[in-house]
Amino acid sequence: MQIRYPVLILLTFISLFTFAQKYPGLAPTPPMGWNSWNIFHCDIDEAKIKQMADAMDTNGMKNAGYQYVVIDDCWQVSRDKDGYVIADPVRFPSGIKALADYIHSKGLKFGIYSCAGLLTCQKRPGGAGYEDKDAQRYAEWGVDYLKYDWCNSKGMDSKVQYSRMRDALHKAGRPIVFSLCEWGSTKPWKWADTVGHLWRTTGDIRPRFEQHHGVLALFDAQSKIRKYNQPDAWNDPDMLEVGNTGLSYTESKAHFTLWCMMAAPLMSGNDLRAMNPDILKTLTNKLAISVDQDKLGLQCFLWKKQKGIEAWVKPLSDGNLAVCFLNRGNDTRSLDFNMQAVLTDPDFKKTYTIDANYTIFDIWNKREIGTTAKNVTTTIAGHDVLFVLLKKK
Ligand code: GAL
């Protein structure tokens, strides 16, 4: 049958329209899960990943909202003669599909890692030129989440490369959350909202509070682009180091608080099998998580700096407000803070009036500590936070 010219134009138009889209609505709130990189780097295998899924299933994390179990770099070794990627047969002898099935059987979702360049950062096969074949495999295996890196991409255009993978995922027909990991190098917040569901805003996090690539540095970098954060299109200041060597318990708690205040993806990055109970309580505090997961998806803004303590505010969809008082210093500082104010969101220009009629609930200590009728007076240790919810009475 001869296809007429106008029909061809129409078909091309329809396919362009269909593929020039990410799967919408897969990340209405910031994705939550666990990723292997921060704690294990390349030392991963199927037994370990299953143990993480078991832990997440039984330790309260699944119940608190964590759902993706993501294997990062090093699961892949080569490609077969047809160009399909091959998983490490020694470390993943049962294959990736079996692992995905196991994770799904726990009521969790499965994520995988690759790279938009020629090779991954650990020199495993990259996706460039193999987008369709990789996406097809991911769909067959039951992948729910793809983290896509940017190593070995010299001379490539990030928007073009990531869009290719987006289109391949769309063609493969399985809804997969698409996580862009080009470290903020080409300002994805300006172009990636139609490409992926989240994008890294910085280089890799290091397990430290201060200094280059520490918790505060990433928080500060992302604060400058808060206006781009929104449902289904998240700024990603990298995965959590909560519970990892390099951060004290206090610093882990502050780190988690700042990520909740930013409405950041919450991808835990510690060993879930051997967690200190305080760290587990931090990762599973439901009120903290509800601040992160609030459906408005607003990233916090700075309210005020007072005597070495910063007050950050995150407006919530029910009209309440989350406030984080942050002590960046090493020494304990005292706080005597008048909560009544009219605040203006610097990017969206919306104003919020805090009158005397709010109760103040301490999220970490799980108790009411007063109302906005009086000043908040307390002390905050070095690198610690006071994380509160202001609830309209
Ligand atoms: C980096 C990425 C890390 C991790 C690593 C794996 O580029 O930012 O999160 O995925 O590659 O090699």
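To be clear, the structure that these remarks concern was listed above.
An account of the accompanying structure is given in this report. (Residues numbered from 1 in each chain as written. Predicted model: local features only at pLDDT ≥ 70, side-chain atom pairs only at ≥ 80, totals over all residues. Heavy atoms only, no water.)

Our next topic: the site of the ligand. As a matter of local geometry, the ligand sits amid 13 residues, with Asp-72, Asp-73, Lys-147, Asp-149 and Asp-204 nearest to it. With respect to the ligand, the side chain of Asp-73 contributes an N or O atom lying 2.8 Å from an oxygen atom. The separation between an oxygen atom of the ligand and a polar side-chain atom of Arg-200 is 3.1 Å. Most atoms of the ligand, that is more than half of them, are within 2 Å of grid points of the second largest pocket. In terms of residue class, the shell around the ligand is made up of 6 nonpolar, 1 polar and 6 charged. (Near = heavy atom within 4 Å. Polar contact = N/O pair within 3.5 Å; in protein donor to acceptor, adjacent residues only side chain to side chain. 1 Å grid on protein atoms, 1.4 Å probe; cavity = no way out; pocket = protein on both sides within 12 Å on 5 of 7 lines; lining within 4 Å. Sits in = over half its atoms within 2 Å of the grid points. Nonpolar A, V, L, I, M, F, W, Y, C, P; charged D, E, K, R; others polar.)

Bringing the sheet that holds strand β11 (residues 301-306) into the picture now. Pairing between the strands of a sheet is mediated by backbone hydrogen bonds and can be parallel or antiparallel. Read from one edge of the open sheet, 6 strands run β11-β12-β13-β20-β17-β18, paired in antiparallel fashion. This sheet does not close on itself; its edge strands, each paired only once, are β11 and β18 (367-371). Across the sheet, the mean angle separating the axes of adjacent strands is 25 degrees when strand polarity is ignored. Bridge count between strand β13 (residues 321-327) and strand β20 (residues 385-392): 6 bridges; the pairing is antiparallel. From the neighbouring strand, Val-323 faces β20, where its bridge partner is Val-388. Its contacts with the sheet place helix α9 (residues 249-261) against β12 (309-315), β13 and β20, and it is angled at close to 140 degrees to β13. (Pairing = 2+ DSSP bridges. Helix = DSSP H or I, 4+ residues; strand = E, 2+ residues; numbered from the N terminus. Axes fitted to C-alpha atoms, helices over the stretch in contact; angles between N-to-C directions. Contact = heavy atoms within 4.5 Å.)

Among the residues making up helix α6 (residues 131-141), those that are buried are Glu-131, Asp-134, Ala-135, Tyr-138, Ala-139 and Trp-141. One face of α6 carries all of its buried residues, which in axial projection span an arc of 165 degrees. (Buried < 20%, exposed > 50% of the residue type's maximum accessible area, 1.4 Å probe, protein only. Arc of directions from axis to C-beta.)

Close approach of charged atoms allows side chains of opposite charge to pair. A full pass over the atoms with the stated rule returns 22 salt bridges. Residue Asp-167 is joined to Arg-166 by a salt bridge in which the shortest nitrogen-to-oxygen separation is 2.9 Å. Among the residues examined, Asp-167 registers a relative accessible area of 23% and is labelled partly exposed. For Arg-166, a relative accessible area of 9% corresponds to the buried category. Residues participating in the shared-partner salt-bridge network are Asp-43, Lys-48 and Arg-91. (Salt bridge = Lys/Arg side-chain N within 4 Å of Asp/Glu carboxyl O.)

The 8 strands are arranged β9-β8-β7-β6-β5-β2-β1-β10 in an open sheet whose pairing can be described as parallel. Only two strands of the sheet have a single neighbouring strand rather than two, namely β9 (234-236) and β10 (266-268). Strand-to-strand twist across the sheet, computed as the mean angle between neighbouring axes with direction ignored, equals 25 degrees. In terms of strand pairing, strand β7 (residues 177-180) meets strand β8 (residues 198-200) through 2 bridges, oriented parallel. Within β8, the position partnered with Leu-180 by the bridge is Trp-199.

This paragraph deals with the pairing of strand β3 (residues 76-79). Pairing of β3 with strand β4 (residues 85-87) involves 3 bridges; the strand directions are antiparallel. What sits directly across from Gln-76, in β4, is Ala-87. With antiparallel pairing between neighbouring strands as the criterion, β3 and β4 make up a hairpin whose turn holds 5 residues, including Gly-83 at a positive phi of roughly 95 degrees.

A word on the state of the cysteines. The tally for this structure, following the rule as stated, stands at 2 disulfides. The disulfide partner of Cys-42 is Cys-74, and the gap between their sulfur atoms is 1.8 Å. Placement of the pair is Cys-42 in the loop between α2 (37-40) and α3 (46-58) and Cys-74 in the loop between β2 (68-70) and β3, with a sequence separation of 32 residues. The residue that forms a disulfide with Cys-121 is Cys-151, at a sulfur-sulfur distance of 2.0 Å. (Disulfide = S-S within 2.5 Å.)

Any functional reading would require information that these geometric values do not contain.
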